[in-house]
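Structural description and commentary
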Amino acid sequence: MFSLDGKSALVTGASRGIGRAIAESLAGCGAKVVIGYVHGEEKAQQVADGIIAAGGEAEIVGFDVGDASLAEKEVVALAKRLGGLDIMVANAGIALDGLLLRLKEDDFDRTFSVNVKGAVACARGAIKSMMRARQGRIVFLSSVVGEMGNAGQVAYAASKAALLGVTKSLAREYASRSITVNAVAPGFIDTDMTHELPEAAKEQMLQSIPLGRTGTANEVAAAVTFLCSDEAAYITGQTLRVNGGMYV
Ligand code: NAD
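In this section: helix H9 (residues 217-228). Over its 12 residues, H9 extends 17 Å from the first C-alpha to the last, a length consistent with the 16 Å expected when each residue adds 1.5 Å. The secondary structure elements touched by the buried residues of H9 are helix H1 (17-28), strand E4 (87-90), strand E5 (136-141), strand E6 (179-186) and strand E7 (239-242).

Okay, structure coming up:
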């Protein structure tokens, strides 16, 4: 599709779901991909092995993005070891759902630690090497609910909306170094995360999608890959919605 030959990329939360599809797509375009994971080293290694078997380059790195100072250090160390980091995709995320009156403060804090602070920490780690290289691509995984809101998802929706503010601010901060920063906002994508939703909620969501179906992880990965390509050099601070028309 696009050529990412000679580029190195980190994708957090890439042992399954959308992150896995992004890692495979970037590798398929020629990037050397580092598969970030927190639990399940074996699954992460399987993703890397699959990429290598297909002729690509991949390795794994395990750390909890919810520990911001650790995450930043890990990304800095990774960039140093690879001799630079061209692409950083902050995909790792959690959804701890619940109506506001039942929402636990700890769950709210953890959601922000992983989805916002963790993503920002990974970006901080990556930007240090991107500034030296005077080029780079950062993509944050937001969500349709960050723009629309969703009953029962106060913490998750707020965290995904926060990433849009982060995206716009970092885009302005680092444009002078040719580092682009964008967000992809998926709608209802068929992954383990959405399998956990109650059937009634899934049915209701499907009815609100003009294209009449859930999206696939590969369809989100294609959008991320485009934003990481040379062809997207003039796009920064934007949100690319991959939602079947659910929010326009
Ligand atoms: P998923 O639950 O299948 O994958 C999330 C990944 O993040 C997992 O590999 C998990 O191990 C990793 N992760 C979670 N906490 C982590 C931590 N503390 N440190 C490191 N890694 C951690 O979810 P998915 O559906 O593939 O979603 C991927 C991203 O896309 C998430 O940010 C999610 O919020 C976003 N998103 C998903 C949908 C959807 O419909 N599936 C819609 C909109 C946005």
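Here we come to unusual backbone geometry. Phi at Arg 134 is positive, roughly 55°, even though this residue is not glycine. Mapped onto the elements, Arg 134 comes out in the loop between helix H4 (105-133) and E5. The backbone of Ser 178 shows a phi angle near 60°, a positive value even though the residue is not glycine. Tracing the chain through its elements places Ser 178 in the loop between helix H6 (154-174) and E6.

Our next topic: the pairing of strand E1 (residues 8-11). By the alternation rule, side chains of E1 split into Ser 8 and Leu 10 and Ala 9 and Val 11, which are all buried. Handedness of the crossover is the feature at issue here: the chain leaves E1, passes through H1, returns alongside strand E2 (residues 32-37), and the resulting connection is right-handed. As judged from the three bridges shared by E1 and E4, these two strands associate in the parallel manner. Counted as the bridge partner of Leu 10 is Met 88 from E4.

Pairing is parallel in the open sheet, where seven strands are placed in the order E3-E2-E1-E4-E5-E6-E7. Both outer strands of the open sheet, strand E3 (57-62) and E7, are each paired with one neighbouring strand and no more. Across the sheet, the mean angle separating the axes of adjacent strands is 20° when strand polarity is ignored. Against the sheet, helix H2 (residues 41-53) contacts E2 and E3, and its axis sits at roughly 170° relative to E3.

This paragraph deals with the site of the ligand. Close contacts around the ligand come from 28 residues, with Arg 16, Asp 64, Asn 91, Tyr 156 and Thr 191 the closest. Contact between the ligand and Gly 13: an oxygen atom at 3.4 Å from a main-chain N or O atom of the residue. In the complex, the protein chains occlude 93% of the 810 Å² of accessible area that the ligand would expose alone. Counting residues per element, the ones that place at least two in the shell around the ligand are H1, H4, H6 and helix H7 (192-195). Grouping the amino acids of the shell around the ligand by side-chain chemistry returns 13 nonpolar, 11 polar and four charged.

Thresholds applied
- Residues numbered from 1 in each chain as written.
- Predicted model: local features only at pLDDT ≥ 70, side-chain atom pairs only at ≥ 80, totals over all residues.
- Heavy atoms only, no water.
- Helix = DSSP H or I, 4+ residues; strand = E, 2+ residues; numbered from the N terminus.
- Expected span 1.5 Å × (residues − 1).
- Contact = heavy atoms within 4.5 Å.
- Buried < 20%, exposed > 50% of the residue type's maximum accessible area, 1.4 Å probe, protein only.
- Right-handed = clockwise from strand over helix to strand, strands pointing away.
- Pairing = 2+ DSSP bridges.
- Axes fitted to C-alpha atoms, helices over the stretch in contact; angles between N-to-C directions.
- Near = heavy atom within 4 Å.
- Polar contact = N/O pair within 3.5 Å; in protein donor to acceptor, adjacent residues only side chain to side chain.
- Areas by Shrake-Rupley, 256 points an atom, 1.4 Å probe, with all protein chains shown as cover.
- Nonpolar A, V, L, I, M, F, W, Y, C, P; charged D, E, K, R; others polar.

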